[in-house]
Amino acid sequence: SKVTQNHEGSAMSRPCVPKPVPPLVTRRQHLRGAPQAANTQNTLTGRSTSDSNAAATSRDSSDSDRALATQPQPAPSCALLAVSRAPMPKAPSRGSEAAVAASELKENAPGAVRPTTPHNLTSSSDNSEAEAAKTERHRDNVAKEILSTERTYVEQLHVCIEGFLRPLRQKPDVLAFDKVDRLFSNIEAIYQVNLILLGDLEERMKTWSPTQTLGDIFLKMVPFLRMYSIYTANYEASGTLYEELLERGGAFADFAACVSASNLKCKGALLNSFLILPVQRIPRYKLLLEVR
């Protein structure tokens with residue numbers, strides 16, 4: 001047909017030109033063109049470039065995990081083990097707190113009996129030792145006081161006898177013999193008894209120790225201490241006579257005042273202050289021996 005002729009004529013009249021051959025692609029240009037090819041391929045397959053990258057990243061991560069798993073892992077430190085193995089503290093419940101508070105109130109209550117612990121035993125032992133030391137010091141002080149007061153008592157009896165009694169016996173014109181005996185009673189016998197007692201106390205105190213006592217010395221003197229009963233029974237009559245003699249005045253009053261003033265051992269004390277000493281001594285013994 002006409003159309004066919006035209007087509008064929010055009011085809012026949014069109015010169016045959018060979019297609020250009022693409023130049024050789026270098027390796028670098030090939031690599032640069034790889035992403036474009038990949039994008040083209042992804043476009044053809046329906047997957048995006050981001051999906052391909054994500055898949056590649058996933059494969060790289062899996063490869064890294066397998067490499068790390070094959071490498072030897074370092075041993076955990078002791079500190080980490082201790083922390084990991086230590087039990088976690090448990091918060092106290094309200095019931096346990098109430099029980100602890102009730103226990104503390106019970107222990108601190110007045111008169112509460114506390115359990116015996118090594119600390120309590122140590123404190124009790126220390127307290128016992130302190131009490132024993134205190135008692136021992138007290139015993140020493142009492143024994144020393146007994147000795148000291150006995151020495152003073154014997155010295156005062158000696159002053160009374162030597163300063164008043166014996167001079168009056170040599171001066172019957174000042175006081176008759178019967179009145180001298182009524183006035184001084186058996187004070188000389190008491191002086192001899194206490195002189196022996198003083199000697200025994202001094203000997204005992206030279207070797208005084210925690211095992212020593214003084215009771216046996218006084219027990220030995222009990223039969224002789226009966227003389228104090230005689231003196232105490234006559235003391236009221238002696239005191240009455242002394243007051244009468246001072247009221248009369250005369251030679252006895254002058255003698256007594258002179259001795260009290262001139263005798264240094266009297267230290268200004270009057271005769272009646274010496275006559276009362278034996279009466280006061282027995283209660284003094286009782287007080288010293290019973291003190292705790």
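Higher on the page you've got the structure.
Residues numbered from 1 in each chain as written. Predicted model: local features only at pLDDT ≥ 70, side-chain atom pairs only at ≥ 80, totals over all residues. Heavy atoms only, no water.

(A) Examining the packing of aromatic side chains more closely. Going through the model one piece at a time under the given rule, you end up with four aromatic pairs. Arranged with centres 6.0 Å apart and planes meeting at 45°, the rings of F164 and F274 form a pair that is tilted. One end of the pair, F164, is in helix α6 (residues 118-169); the other, F274, is in helix α12 (residues 271-275), with 110 residues separating them in the sequence. (Phe/Tyr/Trp six-rings, centres within 6.5 Å; stacked < 30°, edge-to-face > 60°. Helix = DSSP H or I, 4+ residues; strand = E, 2+ residues; numbered from the N terminus.)

(B) The arrangement of the pattern of salt bridges in detail. One pass over the full model with this rule turns up 11 salt bridges. Where E188 meets R169, a salt bridge forms, and the shortest distance between an N and an O atom there is 3.0 Å. In this pair, E188 is assigned in helix α8 (residues 187-206) and R169 in helix α6, connecting sequence segments 19 residues apart. For E188, a relative accessible area of 23% translates into the label partly exposed. According to the relative accessible area criterion, R169 is partly exposed, its value standing at 32%. (Salt bridge = Lys/Arg side-chain N within 4 Å of Asp/Glu carboxyl O. Buried < 20%, exposed > 50% of the residue type's maximum accessible area, 1.4 Å probe, protein only.)

(C) Main features of the packing of helix α7 (residues 177-184) against helix α10 (residues 226-248). Contact pair α7 / α10: the axes reach a minimum separation of 7 Å and the direction vectors enclose 125°. For the element pair α7 / α10, the angle class is oblique. In this structure, α7 contributes K179, R182, L183 and F184 to the contact, and α10 contributes Y231, S238, L241, Y242 and R248. (Axes fitted to C-alpha atoms, helices over the stretch in contact; angles between N-to-C directions. Parallel < 35°, antiparallel > 145°, perpendicular 65-115°, else oblique. Contact = heavy atoms within 4.5 Å.)

(D) Up close: the side chain of R281. The topology assignment puts R281 in helix α13 (residues 277-290). On the basis of relative accessibility, which here comes to 5%, the residue R281 falls in the buried class. The residues touching R281, leaving out its near neighbours within four places in the chain, are I146, T149, E150, Y153 and Y228.

(E) The arrangement of unusual backbone geometry in detail. Positive phi, close to 50°, is recorded for S185, a residue that is not glycine. One can find S185 in the loop between α7 and α8. A positive phi angle is found at K267, which is not glycine, with a value near 55°. You can see K267 is positioned in the loop between α11 (250-262) and α12.

(F) Representation of α8 within the structure. For α8, built from 20 residues, the straight-helix expectation of 28 Å at 1.5 Å per residue is met to within 8% by its first-to-last C-alpha distance of 29 Å. The complete set of buried residues in α8 reads I187, I190, Y191, V193, N194, L197, L198, L201, R204 and M205. Looking straight down α8, one finds its buried side chains confined to an arc of 165°; they lie on one side. The exposed residues of α8 that point more than 90 degrees off its buried face are I196 and K206. (Expected span 1.5 Å × (residues − 1). Arc of directions from axis to C-beta.)

The quantities given are spatial measurements derived from coordinates; they are silent on function.
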